[in-house]
Amino acid sequence: MKPTSPLAIGILGSGKGTNAQAIIDAIAAGRLNARVVCVLSDVPDAFILQRARQQGIPAEFVSAAPFKTKLDGEAEQRTLAVLRRYGAEVIVLAGFMRIIKRGMLQAFPHRILNIHPALLPAFPGVDSWKQALDYGVKVAGCTVHFVDEGTDTGPILLQKTVPVLDSDTPATLHARIQEQEHIAFPEALQLLAEGRVQVEGRIARIS
Ligand code: GAR
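The rules we used
- Residues numbered from 1 in each chain as written.
- Predicted model: local features only at pLDDT ≥ 70, side-chain atom pairs only at ≥ 80, totals over all residues.
- Heavy atoms only, no water.
- Pairing = 2+ DSSP bridges.
- Helix = DSSP H or I, 4+ residues; strand = E, 2+ residues; numbered from the N terminus.
- Axes fitted to C-alpha atoms, helices over the stretch in contact; angles between N-to-C directions.
- Contact = heavy atoms within 4.5 Å.
- Salt bridge = Lys/Arg side-chain N within 4 Å of Asp/Glu carboxyl O.
- Buried < 20%, exposed > 50% of the residue type's maximum accessible area, 1.4 Å probe, protein only.
- Expected span 1.5 Å × (residues − 1).
- Arc of directions from axis to C-beta.

Enquirer: Could you give an account of the sheet that holds strand β3 (residues 59-61), naming the residues involved and the relevant values?
Expert: Spatially, the seven strands line up as an open sheet ordered β3-β2-β1-β5-β7-β8-β9, and their pairing is mixed. Taken across any chain shown, the strands that pair with only one partner, and hence form the sheet edges, are β3 and β9 (156-163). Mean inter-strand twist for the sheet, computed between neighbouring axes without regard to direction, equals 20 degrees. In terms of strand pairing, strand β8 (residues 139-146) meets β9 through seven bridges, oriented antiparallel. Looking at the pairing, Cys142 lines up with Lys160 of β9. The sheet strands contacting helix α1 (residues 18-28) are β1 (7-13), β2 (34-41), β5 (90-93) and β7 (112-116), and the helix crosses β2 at an angle near 160 degrees. Most of the contacts of helix α6 (residues 170-193) go to β9, to which it runs at about 155 degrees, and overall it touches β1, β5, β7, β8 and β9.

Enquirer: Tell me what's going on with the pattern of salt bridges, and back it up with residues and numbers.
Expert: As enumerated under the stated definition, the model contains nine salt bridges in all. One salt bridge connects Arg102 with Glu149, and the closest N-O pair in it is separated by 3.1 Å. Placement of the pair is Arg102 in helix α4 (residues 102-107) and Glu149 in the loop between β8 and β9, with a sequence separation of 47 residues. Under the relative-accessibility criterion, Glu149 is labelled partly exposed at 49%. Two residues, Glu200 and Arg205, come together in a salt bridge whose shortest N-O distance is 3.1 Å.

Enquirer: Outline helix α3 (residues 73-85), listing residues and values.
Expert: Here α3 is 13 residues long and its end C-alpha atoms lie 19 Å apart, about the 18 Å a rise of 1.5 Å per residue gives. Buried within α3 we find Ala75, Glu76, Thr79, Leu80, Val82 and Leu83. Seen from one end, α3 has its buried residues packed into an arc of 160 degrees, which puts them on one side. Exposed residues on α3 whose side chains face more than 90 degrees from its buried face are Glu74, Arg84 and Arg85. Looking at the packing, one finds that the buried side of α3 touches β1, β2, β3, β4 (70-71), β5 and α4. At the exit of α3 stands Gly87, carrying a positive phi of roughly 75 degrees.

Right under this line is the structure:
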C-alpha cells in the first residue's frame, strides 16, 4: 500500500500500553507519518485506555466475551465495526493478548501488525522473555510481524536484539526487550507509511 496521507492506525491492547505510547511519541516527534485514530481494549480498566484518553485519542473498551483467548464471532465483528467507524487503515496489536481470527484477517489483509517480545520463531506464545531465560539463550529481542492465522507465525518485518546477562531476572530482561520494542514498532510502521513493504508468501520485503 502507498498511502499519501498519514497512516491511520487503530491500536488494540490489553495492558499498560507502553508500545502505544512509543507510537504516539514517535508521531509527535515527526518520526512516524501516522495518526492514531483509536485505541481499543478488551480489558475495561487497562491503562492503555487511560493513556490514550489523557492524550485526546478516542479510546473504547470493546468486550471480547464470551471468548477467553481469541477475538472471534460477534466480538470480532464489534471490534471491526469500531475500527471502521474511526477509519483505521492499519491495525496495531500492542500487547493485545488474544488470537486474531479469519474475519479480521480478511478485513485487513497484510494490514495487521503485532509486536512479540522474542526473536521469532523462537519462543512464541506467552511470557517469551521467561522462556528465553529458562532456555539459556545469550541473545534475546523483539519481533514486529504481520499477523496470520497462526500464533506469532506471520511474515517478519523487523527484529531487534538485546544481550541476555547472567544477572538477568525475567523482569530485567523484559525491560531491556521493551526498550527495543519502543524503537522497533514506530520504525516498522514508518516503513509501512512510506509504502516500502511488500509481502510475498511468508516473506516481507523492504524496498
Ligand atoms: C509487550 O512486551 C509485547 O511484546 C507483549 O506484551 C507487552 C505489552 O506491553 N506482547 C505479547 O506478549 C503478545 N504475545 P505494553 O502494554 O506496555 O505495550
